Amino acid sequence: MKPAILLCALAFSTLLSHAADEEGFVPMFNGKDLSGWVNANCAPETWSIKDGVVSCTGIPTGAMRTEKQYENFILECEWRHLTSGGNSGVFIWGSPISAPGVPFLRGIEVQVLDHGYMKHADPKKPRWFTTHGDVFPIHGATMEPHGDHNGQRSFPSEERSKPSPEWNHYRITGNNGTLTLAVNGKIVSGGDKCFWRKGYLALESEGAPVEFRNVRIKELPSTGATEADSAPLDQGWKHLYNGLDLRGWKVPEGSAPRWKPSNWNLKLEAGDATNATPLWSDAEIANGEFIADFQLPKAADLNTVCAGFCVRGEKNPAVLIGSGKAPIVLGPDKVKPGKWYRVRLKLEGNKATATLTEPQDANPQVVEGVLEGAKKGPVGVADLGTAVTFANFFVRE
C-alpha cells in the first residue's frame, strides 16, 4: 500500500474508532428545565438551568440527584467555578437522601474544587486534598484508591485543572465497582472495589456558585450488581427544610425568633417554652414515615427532656429524647450530647415505631408505641425550652 493511501486508511480507522466510542451518549439535561433530576435537600432556587448551563448558587450545602440509579457508565461534563476557592463535586453511586448528620449523599465523591481553596492547606501537615480531581468515598461508602492517596482518598497523578472562571472537562468512568476520572483529557485518579457500585448520580452545592454544561452519559452493560451492592432505592422521600428559611413550616407565635435557619442546620435556641407550640410542617401524613436528625449541645442534661418530635398535629410529642413520658422515649442511655443522631418514625394506624441511630450504628435502638388522636396531620418538632440543632427532615406517605 502506498504511504498516502496507508495514512488515509489509518486516519479513517481512527475516525471510525472515535465515532464508535462516542455512540450511545445521551444528554442528562434537556437544556430547558431540570427534568430527570431530584432536588435532594436544597432550596428551590439553589439549582436552575438556562441555555443549557446548569447553575448552582452553592447555598445551602446539599445535592441534586438523578431520578434513576446507574450501575456502569461513562459520564462527561464541563464545570467552572465563578469565584476563587469554590467547592463542589459530582457524587457517584449515591444514596437517595442525605446521610445522617450531614448534608451530603453517601457515595463516592469526585471533587470539583477551585485552586483558590489551597489557602486552607497547611504546608506543615500531610497533604489531605488537592484541587485537580481527588476521588474519595464519603459517609459510609468505601473504595480502594488508585495511586498516591491519603486514606481512601485518591490524589491525581497530574495537575491538569484550570482556575476560575475557566471551564474544565471531566470524564468519569464507573464499571463493576472501579471508578476513574480523566481531567481535561487524561486519567489521573480513581479507585477499585467501590461500595456501593450502583446508585444515584448527583451534583453538589457547597458554598459557592458553580456551573455545569454538556453533561452527558453513556450507559455500559451491567455486571450484575445485587441489591447488597446497590444504594437503597428512593421510597418517595420529600425534604421539608430548604436550608434557607422556614417556607413549608408553620412558625409558632412568640417563639419564632428562637428558630434559626443556618445552612443545612435548623437551630432552636434555648428559651421559655411555657406556652410554646411545635414547629409544624405544611405537609401532612397518615401512614408513612418521618425522618429527622438532631444534635444536643455538649452541656445537655439527659436526665431531663431534651428534644421531641410530634406527628399528626398532636401537641404532645410522640417521641421524646431523654427522660420523660410519651408514647416513645429514646435515650438517655443511647444518646451522647454533641453527636448527631437520626430518628426514623414509622406510622401504621395508631402504631408508631421509632428507630434511633447514629451514623454507621449497626445496633440501632428501636422502640414501639401507641398513638392516640388524629389519623392524619402534619409532623412537627417540639419546643421544650432546650437548645437543639436539627437537620435532614424528610417525610413520605
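In what follows, the structure referred to is the one given above.
Keep in mind that this is a model prediction, so the values were computed, not measured.

### Topic: the sheet that holds strand 22 (residues 279-285)
Sheet strands pair by backbone hydrogen bonding; their relative direction is either parallel or antiparallel.
Move 1: On the basis of which strands lie adjacent, the open sheet formed by six strands has the order 19-22-30-24-25-26 and mixed pairing. The outermost strands of the open sheet, each flanked by one partner alone, are strand 19 (249-250) and strand 26 (328-330).
Move 2: Of the pairings in the sheet, the one linking strand 19 to strand 22 comprises two bridges and is antiparallel in character. Within strand 22, the position partnered with W249 by the bridge is S281.

### Concerning the nonpolar core
Move 1: F294, L296, F309, V319, I321, F390 and F393 are the most contacted members of the largest nonpolar core, which totals 38 residues.
Move 2: Setting aside chain neighbours within four positions, we find V319 in contact with A307, G308, F309, I328, L330, L345 and A354.
Move 3: Counting residues in each nonpolar core, the second largest holds 36 residues, with F29, W79, V112 and V188 among its members.

### As for the packing of aromatic side chains
Move 1: Enumeration over the complete set of coordinates arrives at 15 aromatic pairs.
Move 2: Centroid distance Y117 to F129: 5.5 Å. Interplanar angle 80°. Geometry classified as edge-to-face. Highlighted residues: Y117 in the loop between strand 8 (107-113) and strand 9 (135-138) and F129 in the loop between strand 8 and strand 9, separated in sequence by twelve residues. The same class applies to Y117 and to F129, which are both buried.
Move 3: Plain terms: the ring middles of F195 and W196 are 6.2 Å apart, the flat faces sit at 50° to each other, and that makes the pair tilted.
Move 4: The partly exposed category is assigned to F195, whose relative accessible area is 32%.
Move 5: Among the residues examined, W196 registers a relative accessible area of 8% and is labelled buried.
Move 6: Taken together through their ring pairs, the aromatic side chains of W249, W259, F290, F294, F309, Y341, F390 and F393 make up a single cluster.

### A closer look at the pattern of salt bridges
Between side chains of opposite charge, pairing is possible as soon as their charged atoms come close.
Move 1: Applying the stated criterion to the full structure yields 22 salt bridges.
Move 2: Residue E71 pairs with R197 through a salt bridge whose shortest N-O separation is 3.6 Å. Remark: R197 occurs in the loop between strand 15 (186-195) and strand 16 (200-205) and E71 occurs in the loop between strand 5 (62-66) and strand 6 (73-81); sequence separation between them is 126 residues. Comparing E71 with R197 shows no difference in burial state: the two are buried.
Move 3: Because the salt bridges share partners, they merge into one network encompassing E45, D245 and R247.

### Side note on the pairing of strand 20 (residues 259-262)
Move 1: Bridge count between strand 20 and strand 21 (residues 265-268): four bridges; the pairing is antiparallel. Paired with P261 across the two strands is L266, which belongs to strand 21.
Move 2: Between the antiparallel neighbours strand 20 and strand 21 lie two residues, among them N263 with a positive phi of about 60°.

### Some details on the environment of G236
Move 1: By the element assignment, G236 lies in the loop between strand 17 (210-219) and strand 18 (238-239).
Move 2: For G236 and E397, which are 161 residues apart along the polypeptide, the C-alpha to C-alpha distance reads 7.8 Å.
Move 3: Sequence-distant contacts of G236, that is, excluding residues within four places in its chain, are made with V395 and R396.

Definitions and cut-offs
- Counting from 1, residues in each chain are numbered in the order their sequence is written.
- Since the coordinates come from a predicted model, pLDDT governs what is reported: local features require at least 70, and pairs of side-chain atoms require 80 or more to be given and counted, while whole-chain, interface and lining totals use all residues.
- With hydrogens and water set aside, each side-chain value is computed from the structure's full complement of heavy atoms.
- What makes two strands pair is DSSP finding at least two bridges between them.
- A helix here means a DSSP run of H or I that spans at least four residues, while a strand means a run of E at least two residues long, and both kinds are numbered starting from the N terminus.
- Here the nonpolar core consists of buried residues drawn from Ala, Val, Leu, Ile, Met, Phe, Trp, Tyr and Cys, with membership extended through side-chain atoms lying within 4.5 Å.
- Per-residue accessibility, obtained with a 1.4 Å probe over protein chains only, is compared with the maximum for each type, and a residue is labelled buried under 20%, exposed over 50%, and partly exposed between these values.
- Contacts: residue pairs with any heavy atoms within 4.5 Å of one another.
- Aromatic rings from Phe, Tyr and Trp, taking only the six-membered ring of Trp, are treated as a pair when their centres fall within 6.5 Å; an angle between ring planes under 30 degrees marks them as stacked, one over 60 as edge-to-face, and anything in between as tilted.
- Criterion for a salt bridge: a side-chain nitrogen of Lys or Arg within 4 Å of a carboxyl oxygen of Asp or Glu.

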